[in-house]
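The residues making up each chain are set out below.
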Amino acid sequence: MAIVAKFRVEREGFTLDMALNLPATGITALYGASGSGKTTCLRAIAGLERLPNSFFQIGTEVWQDESNGIFVPPHQRQIGYVFQEASLFPHLDVAANLQFGQKRIAAAERQVSESHIIELLGLKPLLKRSPAALSGGERQRVAIARALLTSPQLLLMDEPLSALDRALKQEILPYLERLHQELAIPVIYVSHAADEVTRLADHLVLIDGGEVKAAGPIKQVLLDHQHAELFNDGASSVIEGQISGHLEHYASELRFGRFALRLSQQDHPVGQQLRCRVFASDVSVCLTQPHDTSISNIFPAKVSSVGDGRRPGEKLVTLQLDQQQHLLAQLSSHSVERLQIHPGHHVWAQVKSVAVL
Ligand SMILES: Nc1ncnc2c1ncn2[C@@H]1O[C@H](COP(=O)(O)OP(=O)(O)OP(=O)(O)O)[C@@H](O)[C@H]1O
C-alpha cells in the first residue's frame, strides 16, 4: 500500500511543488528548515488547505484529484492530527477527552481498543485528571491517544514534541516507539529536529524551499553526500541493533549484523532494539588495523565513495561495513589525498563516539 501525493501552490515569494510516493507503513518524517513547506504539505494531506492542481491517494482511496473534480472534505478523511500544542477540552477530564475522540467513530468502524491505547500511552493513572493538572508531555500523550481513538487510516503529527523541553521529550519518545511497534497506522511526522527524526523515522523526506530534495529509507537518504548539509546538525549515519550485553567499566554492547558496538552503559535490558547516530565528524580512517589507540570501536570497512563535504577542504567518505551497514566519515581533503583513499580501498573505521537515540 502506498501514499501518493502531488501538491503545487504558488504564493507570494514561495512556491510549493512536491511529488511524494511514500509507503503507507511505519513513520515517515518530513524534515526541513522553518518555512520549507512541511506544514502546508501536512494541511494539504488533511484537506485543511485545498491546493489547486493537486492529487492525493492512500491505498486505493483517492481523497483529492482536482483534474477529475474530486476533493474529499477534511471531516470525511480518516485522519488523526496531532499539533505542536495539545488542544484538549479544558472542562473535561482525560477520560472524557479520550471518549470524545472515540465517539466520532461508529462502534462497528473502530479499529483500536480504548484500553489498548490507554495502556500503550501509559494514561491509566491520569484518566481522572483535568488537562490543567497534566505536564506538557502528558497532555501530548492524551492528544495522541485521542487522535488514535478515531481509528485513523493515517496519523499526521506536526512538530508534536517541539513545545516540550528536553526531559519531557525524552519521556515521550519511548511511547512513540511503542506505538510504532504495536500499531499498524502509518504516521507522517513533521519535524525540524534531526535527533527526533533519526530516532523515530523509517522513511525520510528532506524538504527545502517547497521542494522534495530527497526521499527514501532513512539510512539510505542519510548516506547521500549531496543532502548531508540539509540535516542541520551535520552529516551522520544510523546504526540499529540489539543490546547484547552489559560489560565491565560501565559499558554496554550493541550487536548489529556481525559487528558489535561498545557504548556507554545503557539501562535497557539485553535484547532491546536501539538506534544510534554516528556523526561523520566522529569517524576517522586508518589504513592498517590500529592497536595502540584509545578508541574501542574499530571496524574493517571498504570505501564506497568519496565526495565533497560541507566546507572547502572537507571530504565525506562512505564506508561499507557489510551489505546492510554503512558509516560516513568526515575527513580533510589533505588526509584523503595523503592516504590515497579511493572507492574500493580496504580500510579501518574508528568510531570515536556514538549518540544513543
Ligand atoms: N496561508 C498562507 N498564505 C500565504 N503564505 C503562506 C500561508 N501559509 C504558509 N505560507 C508561507 O508558505 C511557506 C511555507 O510555510 P509552512 O508553514 O508550510 O513551512 P514549515 O516548513 O512548516 O515551517 P515551520 O517549521 O516554521 O512551521 C512560508 O513561507 C509561509 O510564510
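All values derive from a computational prediction rather than experimental measurement.

## Focus on the environment of I218
Take I218: it is sitting in helix 7 (residues 218-223). Relative accessible area serves as the criterion here: at 4%, I218 is assigned to the buried category. Each C-alpha atom, one on I218 and one on T28, is 8.9 Å from the other, the two residues being 190 residues apart in sequence. When near neighbours in sequence (up to four residues on either side) are disregarded, I218 contacts V197, T198, A201, D202, H203, L204 and R275.

## Notes on the site of the ligand
Lining the immediate surroundings of the ligand are R11, F14, A33, S34, G35, S36, G37, K38, T39, T40 and E159. Within the side chain of K38, a nitrogen or oxygen atom sits 2.9 Å from an oxygen atom of the ligand. With respect to the ligand, the side chain of T39 contributes an N or O atom lying 2.8 Å from an oxygen atom. A total of 640 Å² of accessible area belongs to the ligand in isolation, and the protein chains cover 56% of it. Per-element accounting of the shell around the ligand gives the leading share, 3 residues, to helix 1 (residues 38-46). Here the shell around the ligand is composed, by residue class, of 2 nonpolar, 6 polar and 3 charged.

## Notes on the side chain of T198
Summarising the element assignment, T198 is placed in helix 6 (residues 194-200). In this view, T198 contacts I218, L222, F231, V238, R275, R277 and L357; residues no more than four positions away in its chain are not counted.

## What about the packing of helix 4 (residues 136-148) against helix 5 (residues 166-182)?
One can describe the packing of helix 4 onto helix 5 by two numbers: an axis separation of 9 Å at closest approach and a directional angle of 20°. Overall, the two elements helix 4 and helix 5 adopt an arrangement that is roughly parallel. The two elements helix 4 and helix 5 meet at a crossing, and its hand is right-handed. Between helix 4 and helix 5, the contacting residues are G136, G137, Q140, R141, I144 and L148 on the first element and L168, E171, I172, Y175, L176 and L179 on the second. The residue inventory of the contact of helix 4 with helix 5, partitioned by class, reads 7 nonpolar, 3 polar and 2 charged.

## Overview of helix 5
With 17 residues, helix 5 extends 25 Å from end C-alpha to end C-alpha; this agrees with the ideal 24 Å at 1.5 Å per step. Those residues of helix 5 that fall on the buried side of the exposure criterion are L168, K169, I172, L173, Y175, L176 and L179. Lining the buried residues of helix 5 we find helix 3 (114-120), helix 4, strand 8 (154-158), strand 9 (187-191) and helix 6. N-capping of helix 5 is provided by D165, with a side-chain oxygen placed 3.2 Å from the backbone N of A167.

## Things to note about the pattern of salt bridges
Going through the model one piece at a time under the given rule, you end up with 16 salt bridges. Linking R141 and E171 is a salt bridge whose minimum nitrogen-to-oxygen distance equals 3.4 Å. Taken together, the residues R141 in helix 4 and E171 in helix 5 connect sequence positions 30 residues apart. In this structure, R275 engages E240 in a salt bridge whose closest nitrogen and oxygen atoms are separated by 3.5 Å. Taken together, the residues R275 in strand 15 (residues 273-279) and E240 in strand 12 (residues 236-247) connect sequence positions 35 residues apart. When its relative accessible area of 32% is taken as the criterion, E240 is described as partly exposed. Within the structure, one salt-bridge network assembled from shared partners comprises R8, E10 and D17.

## Observations regarding helix 4
A rise of 1.5 Å per residue sets the reference length of helix 4, with its 13 residues, at 18 Å; its end C-alpha atoms lie 18 Å apart and thus fit the reference within 8%. Counted residue by residue, helix 4 has 11 buried out of 13 residues, so it is predominantly covered. Taken as a whole, helix 4 has its buried residues at G137, E138, Q140, R141, V142, A143, I144, A145, R146, A147 and L148. Contacts made by the buried residues of helix 4 are with strand 7 (79-82), helix 2 (94-103), helix 3, strand 8 and helix 5.

## Considering the packing of helix 2 against helix 4
Between helix 2 and helix 4, the least distance of the axes is 7 Å, while the angle of their chain directions is 30°. Taken together, the axis directions place helix 2 and helix 4 in an arrangement best described as roughly parallel. Viewed along their axes, helix 2 and helix 4 form a crossing whose handedness is right-handed. Of helix 4, the residues touching helix 2 (which contributes V94, N97, L98 and G101) are V142, A145 and R146. Here the contact of helix 2 with helix 4 is composed, by residue class, of 4 nonpolar, 2 polar and 1 charged.

## Quick look at the packing of aromatic side chains
Counting across every chain of the model gives 7 aromatic pairs. Taken together, a centroid distance of 4.6 Å and an interplanar angle of 70° make the contact between F89 and F100 edge-to-face. Here F100 lies in helix 2 and F89 lies in the loop between strand 7 and helix 2, a separation of 11 residues in the sequence. Its relative accessible area of 27% is what places F89 among the partly exposed residues. Three or more aromatic residues link up through ring pairs in this structure, and these residues are F7, F56 and W63. Here R77 stacks its cationic end above the ring of F71, 5.0 Å away from the centre of that ring.

Reading the values: rules and limits
Sequence order as written defines residue numbering, which begins from 1 separately in each chain. The model is predicted, so local features are restricted to residues of pLDDT at least 70 and side-chain atom pairs to those at 80 or more, both for listing and for counting; the totals for chains, interfaces and linings are taken over all residues. Side-chain descriptors were evaluated using all non-hydrogen atoms of the structure, hydrogens and water having been removed beforehand. Numbering goes from the N terminus for both helices and strands, where a helix is a DSSP run of H or I of at least four residues and a strand is a run of E of at least two. Classification of residues uses two cut-offs on accessible area relative to the type maximum, computed with a 1.4 Å probe and protein chains only: under 20% is buried, over 50% is exposed, and between them is partly exposed. Any two residues having at least one pair of non-hydrogen atoms within 4.5 Å are treated as being in contact. Consider each residue's heavy atoms; a residue with any of them within 4 Å of a molecule or strand counts as near. Side-chain atoms alone can form a polar contact between residues adjacent in sequence; in general such a contact is a pair of N or O atoms within 3.5 Å, and within protein one must be able to donate a hydrogen while the other accepts it. Methods summary: accessible areas were calculated by the Shrake-Rupley approach with a probe of 1.4 Å, and residue burial reflects only the protein chains presented. Here the nonpolar group is Ala, Val, Leu, Ile, Met, Phe, Trp, Tyr, Cys and Pro; Asp, Glu, Lys and Arg are the charged ones; every other residue, Gly included, is treated as polar. Here the axes come from fitting lines to C-alpha atoms, over the contacting stretch only for helices, and the angles between their N-to-C directions go from 0 to 180 degrees. The labels follow the angle: roughly parallel below 35 degrees, roughly antiparallel above 145, roughly perpendicular from 65 to 115, and oblique for the rest. By the definition used in this description, the sense in which the near helix is turned from the far one sets the handedness, with an anticlockwise turn below a right angle giving left-handed and a clockwise turn giving right-handed. By definition here, a helix of n residues has an expected span of 1.5 Å times n minus one. Each salt bridge in this description consists of a side-chain nitrogen of Lys or Arg and a carboxyl oxygen of Asp or Glu lying within 4 Å of one another. Stacked, tilted and edge-to-face are the three classes assigned to paired rings of Phe, Tyr and Trp, where Trp is represented by its six-membered ring and a pair needs centres within 6.5 Å; plane angles under 30 degrees give stacked, over 60 edge-to-face, the rest tilted. A ring is scored as having a charge over it whenever the NZ atom of a lysine or the CZ atom of an arginine sits within 6 Å of its centre and within 35 degrees of its normal.

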